[in-house]
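Examining the three-dimensional arrangement
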Amino acid sequence: MSRLFEPLQLGGLRLANRIVIAPMCQYSAEDGAAGDWHMIHLGHLALSGAGLMILEATAVSPEGRISPADLGLYSDTDEEALGRVLRALRAHSPMPVAVQLSHAGRKASSRAPWEGGAQIPPDAPGGWKTEAPSALPHSPGEEVPVALDRAGLDRVRDDFVRAAERAARLGLEAIEIHGAHGYLLHQFLSPLANERTDEYGGSLENRMRFPIEVFEAVRAAFPAERPVWMRISATDWVPGGWDIEGTIALSQALKARGCAAIHVTTGGVSPRQAIALGPGYQVPFARQVKEAAGLPTMAVGLITEPEQAEEIIARGDADAVSLARAMLYDPRWPWHAAARLGATVSAPKQYWRSQPREYKELFDSARHGQR
Ligand SMILES: Cc1cc2nc3c(=O)[nH]c(=O)nc-3n(C[C@H](O)[C@H](O)[C@H](O)COP(=O)(O)O)c2cc1C
């Protein structure tokens, strides 16, 4: 029996298996609004048989976008556009969908990766003035962000709340708050980006304060039976930066406030990061969080092989594996994993005839008619 294909309960949400499609920015929206690309891209991922899909970093305000073409959930137009895509997904896929709510902080106002990813100055077309915990740029020579004052903090927290309310109206099954990869909430956590002298800077408790306030506000704004969790970078990979001890403390604090899981990733806050890359390189961090905080964890990062994923779950390193690039490269990854591991997976009826002869039991919908 495959452990990877066992169901997983996250709060009130049941995943059919433990394969999660990691959030992946598409830099293809118009003023935050999803379009036909999202229909195609999310459409084929929704047919993959994964247990959960997490939508790309979705900005809670225009200035919270990484690039001018980021997905957003800050206007009625954005809400309608995403609603159109979700209706199509739901008509043809049983897969639950979570949204990753995000604010890029000082890493906002940047070009898409295929345009080089550089920061766009505030006075250049498509650019805007960025905001952050402190007036410190991400990289030397970049625009200095505005340090958020009390009113700014309240505004950002309220933007998260309004986006969560939109997510609730859209029937999204879960919210992942983006607290990782050097974006705004991570900037508060890391001493490399946060030099505040008020109650939001200095001690660990102070640096955790704003991310926790945002979590509490989002949790309160979203239906209680639908889970909310956070994606956290477990280390900055820079001496003196945010680390696993802080990650564990934050995870425990979030657990006490109703957090359903932690999606454990690393890095992103400093160009000085020295990442020790390798297959499953972030899995040990997920294990530490799971053990110390007692929360379900999702492990991510260079998980590419079905047997590798199976082992991560079977060993108890994490409760789910989250795949990004492997899912783009092979959107039927969960089908192929199920075939290799002797498990079953949901597939649309239009594709049932593709089931290979040697994997007679692969598509459980073929036996049950529907899920
Ligand atoms: C195209 C692309 C877009 C990404 N966008 C996001 C994002 O929106 N939010 C996020 O937290 N991580 C994002 N990531 C990081 C992935 O979610 C994941 O953590 C990382 O790619 C490592 O997993 P992998 O080895 O399975 O690709 C992105 C990665 C890729 C390749």
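Definitions and limits used
- Residues numbered from 1 in each chain as written.
- Predicted model: local features only at pLDDT ≥ 70, side-chain atom pairs only at ≥ 80, totals over all residues.
- Heavy atoms only, no water.
- Helix = DSSP H or I, 4+ residues; strand = E, 2+ residues; numbered from the N terminus.
- Rg over C-alpha atoms; globule rule 2.2 N^0.38 Å.
- Buried < 20%, exposed > 50% of the residue type's maximum accessible area, 1.4 Å probe, protein only.
- Contact = heavy atoms within 4.5 Å.
- Areas by Shrake-Rupley, 256 points an atom, 1.4 Å probe, with all protein chains shown as cover.
- Lys, Arg positive; Asp, Glu negative; His and termini not counted.
- Charge placed at Lys NZ, Arg CZ, Asp CG, Glu CD.
- Domains from an automatic or database assignment.
- Buried area = accessible area lost by both parts, 1.4 Å probe.
- Salt bridge = Lys/Arg side-chain N within 4 Å of Asp/Glu carboxyl O.

1. A look at the overall build of the protein chain
Of the regular secondary structure elements, the protein chain holds 11 helices and 12 strands. Taken against the 2.2 N^0.38 rule, which gives 21 Å for 371 residues, the C-alpha radius of gyration of the protein chain at 20 Å falls within 12% of a compact globule. Seen along its three principal axes, the alpha-carbon backbone of the protein chain occupies a region of about 65 × 40 × 40 Å. In the protein chain, which comprises 371 residues, the share counted as buried stands at 60%. For the protein chain, the proportion of contacts with a sequence separation of at least 24, taken over those separated by at least 6, is 69%. For the protein chain, the accessible area works out to roughly 14900 Å², and carbon and sulfur atoms hold 52% of it. Across the protein chain, the mean location of the 38 positive side-chain charges is 6 Å away from that of the 44 negative side-chain charges.

2. Let's talk about the domain arrangement of the protein chain
Here the domain parsing of the protein chain yields domain 1 (8-331) and domain 2 (334-371). On a C-alpha basis, the centroid separation for the pair domain 1 and domain 2 is 31 Å. Each partner contributes to the interface: domain 1 provides 14 residues, whereas domain 2 provides 11 residues. Interface of domain 1 and domain 2: buried area, both sides summed, is about 1000 Å²; carbon and sulfur atoms make up 61% of it. At the junction of domain 1 with domain 2, the criterion picks out two salt bridges.

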